[in-house]
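# Structure at a glance
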Amino acid sequence: MKATLIISVYKDAEALEAILKSVLIQVEKDIEVIVSQDCEDPCFDELIQKYSASIRIKHIQQPDLGFLKNKMLNKAIKASSTDKLIFIDGDCVLHPRFIQQHILVVQKGRFCIGRRVDLDPKTSQKIRKGLLTTPSFGEMIRNKSIRVEESFFLPGFAKKGKGHLLGCNMSWYKSDLILLNGFDETYTNPGFGEDTDIEFRAKKAGLEPRSTRFRTIQYHLFHERPDREDLVTISKHQFFEKKNREDFRCQFGLETLDH
């Protein structure tokens, strides 16, 4: 297998099925998929059984004890069977060349930074209901999706190190994540932490960020956004305190997992 696709999920089975349909149309099929579920719940069991005949799927879970996404990401790293790890969120549908392009760009010593289109409610609903697998440019324009320019497949236009890391569209070499001790599990609030923190530590360790804009295209399904500003502020304070540490390795990560 050439890579592992790690999908961070909670309980949205409809969105996960849309993602798995987009996995089926990938140009690169020699992969494994890890469904990384931050709760123990049977909501995905039937769906995973349905797609397991066509996709190599591992399903890992942990008790629902709050927002422990980073802990699940570390568990997914340990469960992975390949060197190249691609991370997405459970509400992001993939362009057919998404996995292929991550595999081409990510290397040992280099992590990849992708972007996303934010789909409008109408287009998102069509995908959720199985009427579309991926949206057309015209559909997104008509329905007023946001950042539609991120849907252009123009691999020659990607620039080195441009943009900040998004946890929903990134890839890493497994040994580099081990070097960093994985994701910092002390971030336990949504909206900030799993990407900003590890990007800072990776650069501190001398790893190279590489933009995959216009290469690793994904479409974010619309959903209402709760006000999380208070929680984000808590995480930002954590981050600014941690930035003063000399070590690029987090204290609580892969090595302390379940200790």
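The structure under discussion appears in the preceding block.
The shown structure was predicted, so the numbers you read here are calculated from the model rather than taken from an experiment. (Residues numbered from 1 in each chain as written. Predicted model: local features only at pLDDT ≥ 70, side-chain atom pairs only at ≥ 80, totals over all residues. Heavy atoms only, no water.)

## Overview of the overall build of the protein chain
Definition in use: Helix numbering and strand numbering both begin at the N terminus, where a helix is a DSSP run of H or I of at least 4 residues and a strand a DSSP run of E of at least 2. When we talk radius of gyration, it's over C-alpha atoms, and the globule rule is simply 2.2 Å times the number of residues to the 0.38. Burial classes follow relative accessibility: with a 1.4 Å probe on protein chains only, a residue under 20% of its type's maximum area counts as buried, one over 50% as exposed, and anything between as partly exposed. Neither His nor the chain termini are counted; the positive set is Lys and Arg, and the negative set is Asp and Glu. Charged groups are reduced to one reference atom each: NZ for lysine, CZ for arginine, CG for aspartic acid, CD for glutamic acid.
Helix and strand counts for the protein chain come out as 9 helices and 10 strands. In terms of overall dimensions, the protein chain is globule-like: its C-alpha atoms have a radius of gyration of 17 Å, near the 18 Å expected for 259 residues. Projected onto its principal axes, the C-alpha positions of the protein chain cover 50 × 40 × 40 Å. Within the protein chain, the fraction of its 259 residues that count as buried is 53%. Put simply, the protein chain has 41 plus and 37 minus side-chain charges, and the middle of one group is 7 Å from the middle of the other.

## Details of the pattern of salt bridges
Oppositely charged side chains can pair when the atoms bearing their charge come close. Note the following rule: Salt bridges, as used here, are contacts in which a Lys or Arg side-chain nitrogen is within 4 Å of a carboxyl oxygen on Asp or Glu.
A complete count under the given rule lists 20 salt bridges for this structure. Residue Lys 69 is joined to Asp 89 by a salt bridge in which the shortest nitrogen-to-oxygen separation is 2.8 Å. Of this pair, Lys 69 sits in helix α3 (residues 69–79) while Asp 89 sits in strand β4 (residues 84–89); the two residues are 20 residues apart in sequence, bridging distant segments of the chain. Summarising the burial analysis for this pair, Lys 69 and Asp 89 share the class buried. Salt bridges linked by common partners bring Asp 12, Glu 14, Arg 128 and Lys 129 together as one network.

## Focus on the pairing of strand β9 (residues 208–211)
Heads up, the rule is: A pair of strands is treated as paired once DSSP finds two or more bridges between them.
What you see with β9 is a clean split: Pro 209 and Ser 211 sit on the buried side and Glu 208 and Arg 210 on the side with no burial. Note: strand β6 (residues 110–113) against β9, 4 bridges, orientation parallel. From the neighbouring strand, Phe 111 faces β9, where its bridge partner is Pro 209.

## Side note on the nonpolar core
Soluble globular proteins: nonpolar side chains tend toward being buried together. Note the threshold: Only buried residues count toward a nonpolar core. Its members are Ala, Val, Leu, Ile, Met, Phe, Trp, Tyr and Cys residues joined through side-chain atoms within 4.5 Å. Contacts between residues were defined by any pair of non-hydrogen atoms, one from each residue, lying within 4.5 Å.
Counting residues in each nonpolar core, the largest one holds 23 residues, and the members touching the most others are Leu 5, Ile 7, Leu 16, Leu 20, Val 23, Val 33 and Ile 57. Within the residue set of this core, elements represented by two or more residues are β1 (3–9), α1 (13–24), β2 (31–37), α2 (45–51), β4 and α4 (98–105). If we ignore the near neighbours within four places in the chain, the residues touching Leu 5 are Val 23, Ile 31, Glu 32, Val 33, Ile 34, Ile 86, Ile 88, Leu 94, Phe 98 and Ile 99.

## Section: the sheet that holds β2
The condition that has to hold: A fitted line through C-alpha atoms serves as each axis, taken over the contacting stretch for helices, and the angle formed by two N-to-C directions is quoted from 0 to 180°.
A sheet is described by the order of its strands in space; here 7 strands give the open sequence β3-β2-β1-β4-β8-β6-β9, paired in mixed fashion. Pairing within the sheet leaves two strands with one partner each, and these edge strands are β3 (56–61) and β9. Strand-to-strand twist of the sheet, defined as the mean angle between neighbouring strand axes without regard to direction, takes the value 20°. This element, α1, spans β1, β2, β3 and β4 of the sheet and lies at about 165° to β1.

## Points about the side chain of Asn 169
For clarity, the threshold we go by: Here a polar contact is recorded for every N or O atom pair within 3.5 Å, except that within protein the pair must consist of a potential hydrogen donor and a potential acceptor, and residues adjacent in sequence are included only if both atoms are side-chain atoms.
As for its placement among the helices and strands, Asn 169 is situated in strand β8 (residues 169–173). Separated by 2.9 Å, the side chain of Asn 169 and the backbone oxygen of Thr 216 make a polar contact. Not counting residues up to four positions away in its chain, the partners in contact with Asn 169 are Phe 87, Phe 98, His 102, Cys 112, Ile 113, Gly 114, Arg 115, Thr 216 and Gln 218.

## Side note on the environment of Asn 169
Of the residues examined, Asn 169 reaches a relative accessible area of 0% and is grouped as buried. Residues Asn 169 and Gln 26 lie 143 residues apart in sequence; the distance between their C-alpha atoms is 16 Å. A polar side-chain atom of Asn 169 sits 2.9 Å from a polar atom in the side chain of His 102. A polar side-chain atom of Asn 169 sits 2.7 Å from the main-chain carbonyl oxygen of Arg 115.

## Things to note about the side chain of Ser 151
Mapped onto the elements of the fold, Ser 151 is located in the loop between α6 (137–142) and β8. Here Val 148 takes part through its backbone oxygen, which lies 2.7 Å from a polar atom of the side chain of Ser 151. With near-sequence residues (within four places) excluded, Ser 151 lies in contact with Val 117, Phe 137, Met 140, Ile 217 and Tyr 219.

## Focus: the environment of Gly 191
Structurally, Gly 191 is set in the loop between α7 (174–179) and α8 (196–204). Ignoring any residue separated from it by four or fewer positions in sequence, one finds Gly 191 in contact with Arg 228 and Val 232.

## Describing the packing of aromatic side chains
Threshold: Only rings of Phe, Tyr and Trp enter the pairing, Trp through its six-membered ring, and a pair is recorded when the two centres are within 6.5 Å. The plane angle decides the type: under 30 degrees is stacked, over 60 is edge-to-face, the rest tilted. Look at NZ for Lys and CZ for Arg. If either is within 6 Å of the ring centre and within 35 degrees of the ring normal, a charge sits over the ring.
Here the structure, examined in full by the defined rule, presents 6 aromatic pairs. Ring geometry for Phe 111 and Trp 172: centres 4.4 Å apart, planes at 10°, overall stacked. A residue pair is termed long-range when its members are at least 10 positions apart, and Phe 111 in strand β6 and Trp 172 in strand β8 qualify at 61 residues. There is no split in this pair, since Phe 111 and Trp 172 are both buried. Feature note: the residues Phe 192, Phe 200, Phe 239 and Phe 240 constitute an aromatic cluster, connected by ring pairs. Between Lys 242 and the ring centre of Tyr 187, over which it is positioned, the NZ or CZ distance is 5.8 Å.

Remember that the coordinates give geometry; whether it matters functionally is a separate question.
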